[in-house]
Structure formats: structure tokens, C-alpha cells
Amino acid sequence: MEIYEMNLRQLIEAREKGELTSEEIIDGFIDRMNNVEADVKGFVSRLENSSGAEIKEIGDLRGIPIAVKDNMATLDFPTSCSSKLLEGYTTPYEGTAVKKLKEAGAVIAGKTNMDEFAMGSSTENSGFMTSRNPWNLDHLPGGSSGGSAAVVAAGEVPAALGSDTGGSIRQPAAFSGLVGLKPTYGSVSRYGLVAFASSLDQIGPLTRNVKDAALMLNILAGKDQMDSTSADVEHPDYLAEIEQDISGFRFGVPKGYLELELHPDVKARVEEAIERIKENGGEVVEVELPPADQALAIYYIIAPAEASSNLARFDGVRYGQRLGDGDIEEMYQKTRNEGFGSEVKRRIMLGTYALSAGYQDELYKKALKVRTLIRDQYKAVFEEVDFIITPTCPTPAFKMGEERDPLETYLTDIFTVPANITGSPAISLPAGFSEDGLPVGVQLIGSAFSEKRLLQAANSLENILDIDNPVQL
Amino acid sequence: MTTNYEIIIGLEVHLQLNTESKLFCGCSTKFGEEPNANTCPVCLGMPGTLPVINERAVEYALMACRATDCKINQYNKFDRKNYYYPDLPKGYQISQFDLPIGFDGAVTIETEDGYKDIGLTRIHLEEDAGKLIHAGSVADSDHSLVDFNRGGVPLIEIVSEPDLRTPAEAKAYLDALKQIMLYLGISDCNMEEGSLRCDANVSIRPEGQEEFGVKVEVKNMNSFKAVENALSYEVERQKKMLENGDVISQETRSWDDTSNKTVLMRGKEEADDYRYFPEPDLMPLEISDQWIKETDDNLPELPLAKKERFIEDYELPEYDAEVLTDDFKLANLFEETVGNYSNPKEVSNWLMGEFLKLLNEEGISPDESNITGNNLASLLKLIDDGTISSKIAKDVFEEMFNTGKEPEAIVEEKGLTQISDEDKLVEIINNILDENQDVVEEIQSGNERPVGFLVGQVMKETRGKANPQLANKLIREEVAKR
């Protein structure tokens, strides 16, 4: 087995046994990057040779390269959010998640391509380039953490960090045949994550399997003094006791969700997964949840509203690109107009409108009320079942260059958005493939801070499904 | 017939809390540092950074609220006020919108007609913005620089009800507010350094009319006097407009100190839509009953109460009580001294007279001199037991003020003990009488006025050490003997 084909735990084990050194691990992955990155286009900046890598002699992840989405503050690489506006900008500080990875010995392999400011589901909205799906280079890896998904799927790194505001970890994980975990809001510090929508954003890992996701969460989770919204709760060892029998879990299938407009292969794979759970003694019941499009509707008010405010700081005054040399108004307008891509501008406009006098009550405030109602309904459902099971996305990976209506694209978030609206943890894991050989994902959503059991359930489902999911390319 | 107008004034005061660090990060709030020395990624709003609340600032805000009888929103939260300005690094200011920390309070002011309560609509916490430095004037500078040292410094905004009826009342309100905040020790209220800033809303209406007139906002007043002047000017301007049949438009005006006029800054049509919404990066602020109770228990005695008590307990004239309580440090010194010396009026006289005079000359505050309650009491006792004269005492006091030495030591060192030895004085007096034969004759002829002159000569001869009462008595006796 090549080094680049190994997952996190295999790498750690090989190193512990003395079969591999930290240097060999990092060299192996850098070779792999140098071989396939030209096709994958997953990195916006990266290590090109191991002399640039600082290998520590401590920590589980020592010598192991981890890729980081381009919206997390790093000292080693620029943090541009794949936006022209921030091109080449390096933050003067490091985000907490990145710092924790480094403390665990990891080598930051580079920054991964994304939809600009995390807005989109394809990486086509990147200000720099479009990443490719290693399963089929004519297809997209999804988004907005598409670069992170692509580089893990291609074996350029064994794991990567993504951020998930409405499904941006889980959807690309599903498209790229990976495991993507969005932890409970507040369990991983957002300090250093360039905000898209503060009340929805959450950092999480993209890995080759569920156990690696648990391993990553062990490193990432915890209260951070720099983030007042990070939760002050005990985080158990997520990897210990992860092997549990599926018969110990009760899954809820939301009524009507599988009758939505789904790609037939997606529907088939998710139904198969449900069958396999039942066959293996797991309990599956139907549950009543708010209509799927309701969460989506308020998401597209709340997220742009927060984004319109969060992105106001990119005004050309202090950092990033500054355009226009006339008066201040002109500078603001030119900097923002030419720096932001159309999707970002569309959402800023939506958000500004939703918050503006006269519309705030009927849009933003109403959305907040509905958000509370949805939370309550999910809470009630979690009294009945341990987890909700849904497809991760209605379709397999999009084809590159396909004309897609923005509204239609927004609908691809229909299954992932509720977990962000409610703050719940959710995980996407491979459920098999479409007829075209593209990966399909299945999603489990749990109640707040139920990650330990969520990972157990996901791990048992992964065992049952037993999908052969090799490194691509 | 001329119409009488009623003046309606409401004030918005921004007060910088004197915490060591900023509202949402650990940066220093020290004034006068190099530009941008007191900044970090958080207060510069660098991408990815998050605010973390400074609890001390909340504590101070809570004190301000309770000292002004505000009710507390025990569940309050921060909101974002969105607008673009180069000194606003995040593109929004973290403030409080619909749930301010305190509301519905009052500040008592003294007017010619007695006490009057000025209502407070709200007190809320917010962060300050930075400061722009223009190359030349705003209009023609080719570039501007930003100093973010002030960015993120904690402020409270205190919004009054439109209860003020004259510019003088507005000034009295500011005085009272400042005094309370200084008593609490939560702000230095220094208008020059920008730690106290004030905007005013002014309207007038014909007496008897119920609805308010059109409100004009006046900004950029940089002293209490300027507030009073600006309001007086604005009221007159509005009166003239109404009398000329003009319509007052809702606008923001700026006070220009050099021309003593308010000038148009912007009209209503340029008003911003701040798109307030709850700050998602901060948890709501929850203020427990316990926290409120602790705040109440630890509030110092406030100026008005202290003044009343000084009148009552020490039988001081209202004027004295007012002067002494104007500054809590002065009031403290008074009480310390009275603790060691039983004549409050005498203490008051010394503090209001010599002490304030010296403080003014030095330009320092009461706690910066060397006078303590102990050494002042000792000095007053030395006068009472005749060791030194009141006149000498002033010199001793000045020495104490400057050096902090005990009065006994100064008297001893400089040999200032009063001459109360009759034989010695008689000898000196007779010498003086010999030299002033004409004066002696004048007194003998029944004119007593020159006695004072002779006392003066004795004091001069003894360099002030003679007991003046005794000298007076002995001069009369010796003149009579001749």
C-alpha cells in the first residue's frame, strides 16, 4: 500500500510501529500532490517540498499533512477565502482549529480551494479556479469545501478541514466519497474562521472514514476563550468505544423526504442503507419534521443577512485588494464590485435587503421565529429517535460547466441546511455509487452534543455498508 | 405680539469607561499612545477574529445604571449597527439596540426652582470607533490616516428623555452626570481626551402646543460651556426661523467653536439605515439578581446624598456642602479631617480657602497633594492651642501641601512657635512705640485706629510669630502707661 492510500489511523499505526517515519509520511504525500494536483486543482497554496514543512516530534499527527480550507487563518499560507478581494492576504494570527492541529503535530499541507467566502456548492464560485472531482474529472467535487474534499479523495492528504454553513462539509464529502462531519455548533472554536454566517458556521473534518473523523474531532473540539460561542462542555474521547452494534440505535426517516425530487440512484442508495440497518437489527421509524424547504427558505434569509454584515469589513481600507483612487465612496464601490464574485454579491444584496428598514420584520425577524420553531420540532423528534437519516444531497456530483439556476442550486442544500439551522451535529458517509460511478452520501443528524453516539452509529453503518472506497486517480 | 417658546432638549452622552482593556479584546485603553499601538487582530476586525466581552466593562455599565436609578434588562444582548466608515474596522459597530443594559432611570439636577429629575431613556454598552486624521482639512486633504487605538474602547451611551428646558439645565445635567460617574470611578469624563462626548437634540414649540417641534441634532461640542453656548445659539436660530415663518428641517448640525455657530452637517434624507440585528458572535448578557444586588451594595454614596448629609451631620452651610462634595476626593479629605478634629466649619474653611487655592495654582486634584486628614487636623489643633497664629498656619499649610511634612515638625524646624511671652512682647512693643511717637499721641488723643498699624509693626518685627490678640492688648496697655 502506498503512503498516500493510507488513512489517518493507518499512518499513525505505521509510524508507531516504526514502519514509517514522519519524514517519509510527509514526503509521500508531497510526491502525491506533485503528481496529481495539476488535475485535481484542490489547493490554492500548498507545500511543494518537504523542506518547507515543520515536523514536530510530538502529537498523534506528527508528520501528517492536513489540508485547511482557505477561509481559516494560517500563518504559513495566505488566507484569501478564494476571493480576488483577499488574494495574497496573510492573517497576522492563527485560528484555533489550525493551532490545535499543529499542537497535535500535524503539518499544514496548504489551503484548499473553495467557493468564494464559502458561498456555493461546487467550487465554481471560487475567484481563482474550479476544483475537480477525483472520481471523475469532468465533475465537480461539490462545495464550498470542494478543495478540501478533492484533495482527500485524491490522496493528497489523509484529512482536511472544511467549514459547514449549510452543508459545505457534508455535500462535498458525499460528492467525493468521503466522510464529512459538521459538529454541534459551538463544539469547535470558530476563532480564525473567516465568517460567512456566524450563527451557522462550524468547522469540521473531511476524512476517509468515520474513525478518522472521530480522531480529528478529538483534536478539534473544546471550549476556546477566544470564541464566546464555543460551548463549555465535556468532550469525551470520540474514538474510544466507537465500535457499537447498529441494533442499539433508533433512526428516524422524515416523512415525505424520500418522495422529494431525488436522483433515482441517490434514492436507491439511501433506501438500501435503511434496509441494511433494519436487517442488522437497527430500528427505523418514520418521523414528522417540518417541510424540508422551510429550513431552506429561512436559511436563505439568515445566512445572507449575517454574511452582508460579516463581509462589510472587506472595504479596501486595511487589507486585501484596494481599487479606485478617487474618493472614499468610489474606493468602497470599486474594491467590492471588482473584488467579489457574483454569488457573493447576490447574497450580500439579499442579506442587506432582508435586514433593511421596512423588510426586517417580515423577513429577518420572521426567519428567526421560524428558526426557533424548527429547533423545537427537531428537539421533539430527538425525544423519539437517536438520529435522523436522510440523503446528504438530492443528486450525485454536478457536471462541470452545467448551467444551473441559482435557485435550483440552493435546493441542493435541502437536506443539509436543517442541521445548521438547529445547530445539530450531522455526518455524511458514503452510501455507494450512482450508475455513472459517482459517490452517493447518506446523512445522519443527531441532537446537540450527541457526537459520541453519532460517530458510533455512523461507524456501525459504515461497517455494515462496507463500501470499497479507494483513493482516486 | 411675540410668541413665547418652550425649549425641548435631550442629550446623548457617550462616556468612555476607564477599564484597563478594551470591550472585546485585551488591548490597552491607555490614552496618548503612538497611533495603532493599542491594537490587535480582534479590535482591528481582522477576518476570522471574534469578540469576547470584558466583564469589567459590564460591571461598570451596571454601576452607572444603578447609580442613575435605571432598571436593568436582566437578559440583554449585543447588536450590530451596520455602516461604512474607514474608522470602523468591521463595517459594523457592536452596540445594543432593543435591549440596552439599563432603562428608565433619572438624574437629579439643581435648578433655580430646586431639584428636578431628568429622565434617562436608556444606558447601553458599545464599542468606540477609531479616529481619522486628515491631511489638511476634511474637504481638501488628499489622504487620511486611521488610528485604531480608540477602536473597541468600551463606551456607555446615556440617552436622556427630552426633559431639559434650558441650555443651563442641559449644562447642570452634564455636571450632575459627570459628578456621579466620577464618584463611581468608572470614567474620567475628560471631554478633551474624548472620554465624554455629547450630542444634543433640540426643538422648540410655542408655549401651550402639545406636539413637539422639528428636532435638530447638534454635534461636536467639546466642552460643557460649548454645549450651553451651542444650545443657546441653536434655540435662537430656531426661534428666528419660526418668527420669519420659515420651516425648521430635521437635520444634523455641527457646533463651530471659532464662529460660535451651528452649521449644517447633513439633512434627514441622508439618514442611515443601520440594519441592526443581534450580534451572533456573542452570547446574550445575563445579569443575575445577585449581581444587581452586589452592585447596589457596593455603590458609593452619591454626590447629592453626600451633600445633604454634610449639611445635616456637620451643620455646614449649603454652599460649603456643595463645594466640598463637588469632588468626592475633597469630600473624603473633609471627612477624614473631621474624624480627627471636631470643628467641621473650620475644616471646611481651610479646605475651601487655602486648599482649593493651592490646588488651583498647581492644577492638581485633591488626592495629588500631600494634605491628609491627619496632618490638617494636627495643624488646626496647633492654632487652637495658640502654638501658632492663623497667619503662620497658612505658611505651614503650604509647606505641608508641598512636602507632606507634619505641621509640628515644620513649626519646630522653622521656629515658628507663636510668641506669647508677655515680657518679651512688652519689650518689643516699647521699642516700636519709641519709634512711633506720633502714632502713640494719636491713640492717646482718642483715635484707636492706628492700633492695628502698631500690631502690624509687631508682627513684622516678630516675623509673624507674635500672638496678635495678645499684642493688641499689650499695645493698648503700654500706650495707656505713657
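Residues numbered from 1 in each chain as written. Chains lettered and ligands numbered in written order. Predicted model: local features only at pLDDT ≥ 70, side-chain atom pairs only at ≥ 80, totals over all residues. Heavy atoms only, no water.

Condition: UniProt positions are given in the numbering used here, feature names are shortened, and annotations may be inferred rather than shown by experiment.
Under the annotation held in an unreviewed UniProt entry, chain B carries the name Aspartyl/glutamyl-tRNA(Asn/Gln) amidotransferase subunit B and is attributed to Halonatronomonas betaini. Under the UniProt heading Subunit (unreviewed entry), the note attached to chain B is "Heterotrimer of A, B and C subunits." Under Sequence similarities (unreviewed entry), UniProt gives the following word-for-word description of chain B: "Belongs to the GatB/GatE family. GatB subfamily."

Under an unreviewed UniProt entry, chain A has the name Glutamyl-tRNA(Gln) amidotransferase subunit A and belongs to Halonatronomonas betaini. Quoted straight from UniProt, the Catalytic activity (unreviewed entry) entry for chain A says "L-glutamyl-tRNA(Gln) + L-glutamine + ATP + H2O = L-glutaminyl-tRNA(Gln) + L-glutamate + ADP + phosphate + H(+)". Word for word, the UniProt comment on chain A under Sequence similarities (unreviewed entry) is "Belongs to the amidase family. GatA subfamily."

With respect to the packing of helix α7 (residues 328-340) of chain B against helix α8 (residues 344-362) of chain B
Residue and element names in this part refer to chain B. Just so we agree on the cut-off: Simply put, an axis is a line fit to the C-alpha atoms, just over the touching stretch for a helix, and the angle between two N-to-C directions goes from 0 to 180 degrees. Where helices and strands are cited, they refer to DSSP runs of H or I of at least four residues and of E of at least two residues respectively, numbered from the N terminus. An angle below 35 degrees is treated as roughly parallel, one above 145 as roughly antiparallel, one from 65 to 115 as roughly perpendicular, and anything else as oblique. For any helix crossing, the convention is left-handed if the near helix is rotated counterclockwise from the far helix by under a right angle, and right-handed if that rotation is clockwise. Whether two residues are in contact is decided by their heavy atoms: any pair within 4.5 Å suffices.
Close contact between α7 and α8 brings their axes to 10 Å; oriented N to C, the two are set at 140 degrees. Taken together, the axes of α7 and α8 are oblique relative to one another. Remark: the crossing between α7 and α8 carries right-handed chirality. In contact with Leu330, Leu333, Phe334, Thr337 and Val338 of α7, α8 contributes Pro344, Val347, Ser348, Leu351, Phe355 and Leu356.

Observations regarding the UniProt feature "active site" (unreviewed entry) in chain A
Residue and element names in this part refer to chain A. Our working definition: We place a 1 Å grid over just the protein atoms. Points where a 1.4 Å probe fits but has no way out form a cavity, open points with protein on both sides within 12 Å along at least 5 of 7 lines form a pocket, and any residue with an atom within 4 Å of a point lines it. The buried label goes to any residue with under 20% of its type's maximum accessible area, the exposed label to any with over 50%, and the partly exposed label to all in between, with areas taken from a 1.4 Å probe on protein chains only.
According to UniProt, the feature "active site" (unreviewed entry) maps to Lys69, Ser144 and Ser168 in the numbering used here. For the residues just named, distributed over 100 residues, the greatest C-alpha separation is only 10.9 Å, placing them together at one site. Of the residues named above, Ser144 and Ser168 line the second largest cavity. By the secondary structure assignment, Ser144 is in the loop between β3 (107-112) and α4 (146-153). The exposure class of Ser144 is buried, given its relative accessible area of 0%. Discounting residues that sit within four places of it in the chain, Ser144 has contacts with Lys69, Asn113, Met114, Asp115, Ala118, Met119, Gly120, Ser121, Thr123, Ser163 and Ser168. Classification of Ser168 as buried rests on a relative accessible area of 6%. Leave out the neighbours within four places in its chain, and Ser168 touches Lys69, Ala118, Gly120, Gly143, Ser144, Ser145 and Ser163.

Looking at empty space enclosed by the protein
Residue and element names in this part refer to chain B. The line we're drawing: Grid points are joined across faces, edges and corners, and a volume is the space filled by probe spheres set on the points. Residues are sorted three ways: Asp, Glu, Lys and Arg are charged, Ala, Val, Leu, Ile, Met, Phe, Trp, Tyr, Cys and Pro are nonpolar, and all the rest, Gly among them, are polar.
Tallied over the entire structure, the rule returns six cavities of 30 Å³ or more. The space that makes up the largest cavity amounts to roughly 100 Å³. Taken together, 16 residues form the lining of the largest cavity, with Phe24, Val42, Pro51, Lys90 and Ile94 sitting closest to its centre. When the residues that make up the lining of the largest cavity are grouped by side-chain class, the tally is eight nonpolar, three polar and five charged. Considering only enclosed or pocket space, the second largest cavity measures out at about 70 Å³ in volume. A breakdown of the residues in the lining of the second largest cavity according to their chemical character gives four nonpolar, eight polar and two charged.

Topic: the packing of aromatic side chains
When we look at a pair of aromatic rings, we describe it by the centre distance and by the angle of the planes. Heads up, the rule is: Centre distance within 6.5 Å is the pairing criterion for rings of Phe, Tyr and Trp, where only the six-membered ring of Trp is used; planes under 30 degrees apart are then read as stacked, over 60 as edge-to-face, and the remainder as tilted.
According to the stated counting rule, one finds 28 aromatic pairs over all chains in the structure shown. Judged by centre distance (6.1 Å) and plane angle (40 degrees), the ring pair of Phe251 of chain A and Phe387 of chain A falls under tilted. With Phe251 of chain A in strand β7 (residues 250-254) and Phe387 of chain A in strand β9 (residues 387-391), this residue pair connects regions lying 136 residues apart in the sequence. When its relative accessible area of 1% is taken as the criterion, Phe387 of chain A is described as buried. Ring plane angle 75 degrees and centroid distance 5.7 Å describe the contact between Tyr364 of chain A and Phe277 of chain B, whose orientation is recorded as edge-to-face. Taken as a pair, Tyr364 of chain A in helix α11 (residues 361-384) and Phe277 of chain B in strand β15 (residues 277-278) lie in two separate chains rather than in one. Here the two residues Tyr364 of chain A and Phe277 of chain B agree in accessibility, since each one is buried.

Points about the interface of chain B and chain A
Reports of interface size often rely on the accessible area that becomes lost once the parts have come together. This is how it is decided: Take the accessible area each of two parts loses on contact, using a 1.4 Å probe, and add the two losses: that sum is the buried area. One speaks of a salt bridge when a side-chain nitrogen belonging to Lys or Arg is within 4 Å of a carboxyl oxygen belonging to Asp or Glu. Within 3.5 Å is the distance limit for a polar contact, defined as a pair of N or O atoms, with the added protein rule that one can donate a hydrogen and the other accept it, and that residues adjacent in sequence qualify only through two side-chain atoms.
Facing the 31 residues of chain B at the interface are 38 residues of chain A. For the pair chain B and chain A, the two sides together bury roughly 2,700 Å², of which 58% comes from carbon and sulfur. Applying the counting criterion to the chain B and chain A interface returns one salt bridge. A salt bridge links Arg190 of chain A to Asp281 of chain B; its shortest N-O distance comes to 3.0 Å. For the pair chain B and chain A, the number of links is 21 residue pairs in polar contact (both at pLDDT 80 or more).

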